[in-house]
Amino acid sequence: MNLVEKINKLKKEKNAIILTHCYQNIEIDEVSDYVGDSLYLSRAAAKTDADIILFAGVYFMAQSAKILSPDKKVLIPDITSGCHMADMIDVENLRLFKKKYPNIPVVCYINSTAEVKAECDVCCTSSNAVDIVKNLNVPKVLFAPDTYLGKWVGQKLKDVEVITFNGFCPVHLRIRPEDIMEARRNYPEALILAHPECHYEVSKLADFVGSTKEIMEFSQKSDKKQFVIATEKGVVERLNRDSKLNNWGKEFILINENIICHSMKYNTLEKIYDTLLNETNEITLDKNIIEKARLSIDRMLNLNK
Ligand code: 13P
Ligand code: SF4
């Protein structure tokens, strides 16, 4: 039996599911029940009746699954798989931010720890950030931790003031406006699709800005044949794979070969097998934190049905 077969057998025996973010090593898709962006995976975690959720993603994503399914065992193949952006804000810094701008609702990007979520009013992901802020129906919001996603939301909603914390994604910030200009010269027929974690000077130059899943859906529906992708390499690999498998005749080009989130790649099939077999690397959270963070995530899911 190969590793994929062994993992699939274990999943059946243990009534486990595997949720996989689309920045993960692509071979993990072969054992996955759901592959997608943060919002899609949060919804999957909330509705599953599996006993074990193995989250092939970064730590905050596995924490979100635990918050949404507190009675389930949530495992992560590599416990050190962190997110640099999520690590840029802790509860203390968030409280200082709130103190500086009192009595303003706090919207917290899902790329944050459970403790930070517990201190916020509502969560959002990159695919629903604009809708969440709009549906709050308030003139001002605080947005943490991603300054660029917050600024992008502010540009979309001219009548809401979005005050942003100064966090960022070091991976997406490796994409520079010059890369977009060069891509336009090298691939004049292509559309350029960017993630809103990119610097706003980059987002401004793109043809479409959206979450990983939105980028994937947009490019599938488009009549164009060539796309330059300004987000993590895993998205490009999946799109090229799906184009070949389904005869789309489309080509997807990564904007710059350095756009790799290395901690997303810590998870491997070998680690998935060991983690599921031994039920190690379990996510545990304080009950009080789960309850408070859950309110922020539930508000998001309700505001964005
Ligand atoms: P998505 O919400 O698009 O999945 O993005 C998560 C992420 O970490 C992007 O860097
Ligand atoms: Fe975090 Fe950036 Fe990696 Fe996304 S790409 S998980 S925001 S470090």
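To keep things clear, this report deals only with the structure shown in the data block. (Residues numbered from 1 in each chain as written. Chains lettered and ligands numbered in written order. Predicted model: local features only at pLDDT ≥ 70, side-chain atom pairs only at ≥ 80, totals over all residues. Heavy atoms only, no water.)

**Examining the pattern of salt bridges**
Applying the stated rule across the entire model yields 19 salt bridges. Put simply, Asp-33 and Lys-11 hold a salt bridge, and the shortest N to O gap is 3.1 Å. Here Lys-11 lies in helix α1 (residues 3-14) and Asp-33 lies in the loop between β1 (16-21) and β2 (34-36), a separation of 22 residues in the sequence. Residue class for Asp-33 comes out partly exposed when judged on its relative accessible area of 36%. When the shortest N-O distance is used, the salt bridge between Glu-232 and Lys-265 registers 3.1 Å. Here Lys-265 lies in the loop between β12 (251-254) and α12 (269-278) and Glu-232 lies in the loop between β11 (226-230) and α11 (233-246), a separation of 33 residues in the sequence. We classify Glu-232 as buried; its relative accessible area is 0%. Overlapping salt bridges bring together Asp-29, Arg-238, Arg-241 and Asp-242 as one network. (Salt bridge = Lys/Arg side-chain N within 4 Å of Asp/Glu carboxyl O. Helix = DSSP H or I, 4+ residues; strand = E, 2+ residues; numbered from the N terminus. Buried < 20%, exposed > 50% of the residue type's maximum accessible area, 1.4 Å probe, protein only.)

**Thoughts on the packing of helix α6 (residues 129-136) against helix α7 (residues 147-156)**
One can describe the packing of α6 onto α7 by two numbers: an axis separation of 9 Å at closest approach and a directional angle of 60°. Overall, the two elements α6 and α7 adopt an arrangement that is oblique. In terms of crossing hand, the pair formed by α6 and α7 is right-handed. Of α7, the residues touching α6 (which contributes Ala-129, Val-130 and Val-133) are Leu-149, Trp-152, Val-153 and Lys-156. For the contact of α6 with α7, the class distribution of residues is six nonpolar, no polar and one charged. (Axes fitted to C-alpha atoms, helices over the stretch in contact; angles between N-to-C directions. Parallel < 35°, antiparallel > 145°, perpendicular 65-115°, else oblique. Left-handed = near helix turned anticlockwise from the far one by under 90°. Contact = heavy atoms within 4.5 Å. Nonpolar A, V, L, I, M, F, W, Y, C, P; charged D, E, K, R; others polar.)

**Comments concerning the packing of α1 against α12**
Where α1 contacts α12, the two axes come as close as 10 Å, and the packing angle between them is 25°. It follows that α1 is roughly parallel to α12 by the angle criterion. Judged by the sense of rotation from one axis to the other, the crossing of α1 with α12 is left-handed. Counting all contacts with α1, which are made through Leu-3, Val-4, Lys-6, Ile-7, Leu-10, Lys-11 and Lys-14, the residues of α12 involved are Leu-269, Glu-270, Ile-272, Tyr-273, Leu-276 and Leu-277. Across the contact of α1 with α12, the residue classes break down as nine nonpolar, no polar and four charged.

**Points about the nonpolar core**
Nonpolar side chains in soluble globular proteins tend to be buried together. Ranked by internal contacts, the top residues of the largest apolar core, which has 94 residues, are Ile-229 and Met-300. For Ile-229, the contacting residues outside a window of four places in its chain are Leu-193, Ile-215, Val-235, Val-236, Leu-239, Phe-252, Ile-253, Leu-254 and Ile-255. By size, the runner-up hydrophobic cluster in this structure holds 15 residues, among which are Leu-54, Ala-56, Leu-75 and Tyr-273. (Core = buried A, V, L, I, M, F, W, Y, C linked by side-chain atoms within 4.5 Å.)

**Digging into the side chain of Ser-112**
Looking at the secondary structure, you find Ser-112 in the loop between β5 (106-109) and α5 (114-118). Look at Ser-112 and you get buried, because its relative accessible area is 0%. If near-sequence neighbours (up to four positions away) are discounted, Ser-112 is found in contact with Phe-60, Gln-63, Ala-86, Lys-117 and Pro-145.

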